[in-house]
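Now for the letters of each chain:
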Amino acid sequence: DRLRQQYQNDMNSLYNTRVNYLAGVRDRAIGDARTKYAGLANNAYVAYRQNMAKRRSMASNLGMTGGAVENLRVGDENNYSTSLSNVNSGRNTAYTNARNAYSDAENDARVSRDTSIANNQAELSQAEIAYNQSQAQFNAQQAAQNAQWEIENMQRENELKQAKEE
């Protein structure tokens, strides 16, 4: 039981080390995605503001007013909104992928640990069975040897008794 417990403790320690490493990988991937998509969102905003400035200048140079200028502004806002939605979607997908990869790897680590523990317990059980069988066989041989010695001793005693009687 001590060996089993030690092996189980070792496997749990290995599992915890692996899971902590995987959590670090996941957290770095999420951090990298956060940085990447924050940059992309910022770029989308800068592009939106630059386009708006260009459109205002263009509209002014062309003498556009009212609804025409409003249509340009709405178009720019829609483009920015679409860009921002794409950035957010990409960021959420990256987060989900990192979390799913962690969950899959953590599950694989758990299955590996549990399988290893089960295999070790089965091997120890087989070793115990083999030891017990060997011990039983040894005890049976010892008992047979002792019985043989007893028979031989009894025969010698009988021979000595008969020799004395003669």
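Rules used in this analysis
Residues numbered from 1 in each chain as written. Predicted model: local features only at pLDDT ≥ 70, side-chain atom pairs only at ≥ 80, totals over all residues. Heavy atoms only, no water. Phe/Tyr/Trp six-rings, centres within 6.5 Å; stacked < 30°, edge-to-face > 60°. Helix = DSSP H or I, 4+ residues; strand = E, 2+ residues; numbered from the N terminus. Buried < 20%, exposed > 50% of the residue type's maximum accessible area, 1.4 Å probe, protein only. Lys NZ or Arg CZ within 6 Å of the ring centre and 35° of its normal. Polar contact = N/O pair within 3.5 Å; in protein donor to acceptor, adjacent residues only side chain to side chain. Contact = heavy atoms within 4.5 Å. Salt bridge = Lys/Arg side-chain N within 4 Å of Asp/Glu carboxyl O.

According to the stated counting rule, one finds three aromatic pairs in the structure shown. Both rings, one in Tyr-45 and one in Tyr-80, keep their centres 5.9 Å apart while their planes meet at 70 degrees; by these two values the pair is edge-to-face. In this pair, Tyr-45 is assigned in helix H1 (residues 2-62) and Tyr-80 in helix H2 (residues 67-165), connecting sequence segments 35 residues apart. Residue classification places Tyr-45 among the partly exposed positions, given a relative accessible area of 36%. Taking 4.7 Å as the distance between ring centres and 20 degrees as the angle between the ring planes, the aromatic pair formed by Tyr-48 and Tyr-80 counts as stacked. A residue pair is termed long-range when its members are at least 10 positions apart, and Tyr-48 in helix H1 and Tyr-80 in helix H2 qualify at 32 residues. Looking at Tyr-48, the relative accessible area reads 12%, which means it is buried. Ring-pair connections join several aromatic residues into one group, and the members of that group are Tyr-45, Tyr-48 and Tyr-80. Cation over ring: Arg-26 sits above Tyr-102, and NZ or CZ is 4.3 Å from the ring centre.

With respect to the helices and strands, Arg-113 occurs in helix H2. By relative accessible area, Arg-113 is classed as buried at 17%. For Arg-113, the side chain forms a polar contact with the side chain of Asp-114, separated by 2.9 Å. In this structure Arg-113 touches Met-11, Asn-12 and Tyr-15, once residues within four positions along its chain are discounted.

Turning our eyes to something else, we now look at the pattern of salt bridges. This model, assessed by the stated rule, comprises eight salt bridges. Between Asp-76 and Arg-55 there is a salt bridge; the shortest N-O distance is 3.0 Å. Here Asp-76, found in helix H2, pairs with Arg-55, found in helix H1; they are 21 residues apart in sequence, far enough to count as distant. Accessibility expressed as a relative area gives 4% for Asp-76, which makes it buried. Owing to a relative accessible area of 33%, Arg-55 belongs among the partly exposed residues under this scheme. Between Glu-70 and Arg-73 there is a salt bridge, with the nearest N and O atoms lying 2.2 Å from each other.

Treat this as a map of the structure, not an account of what it does.
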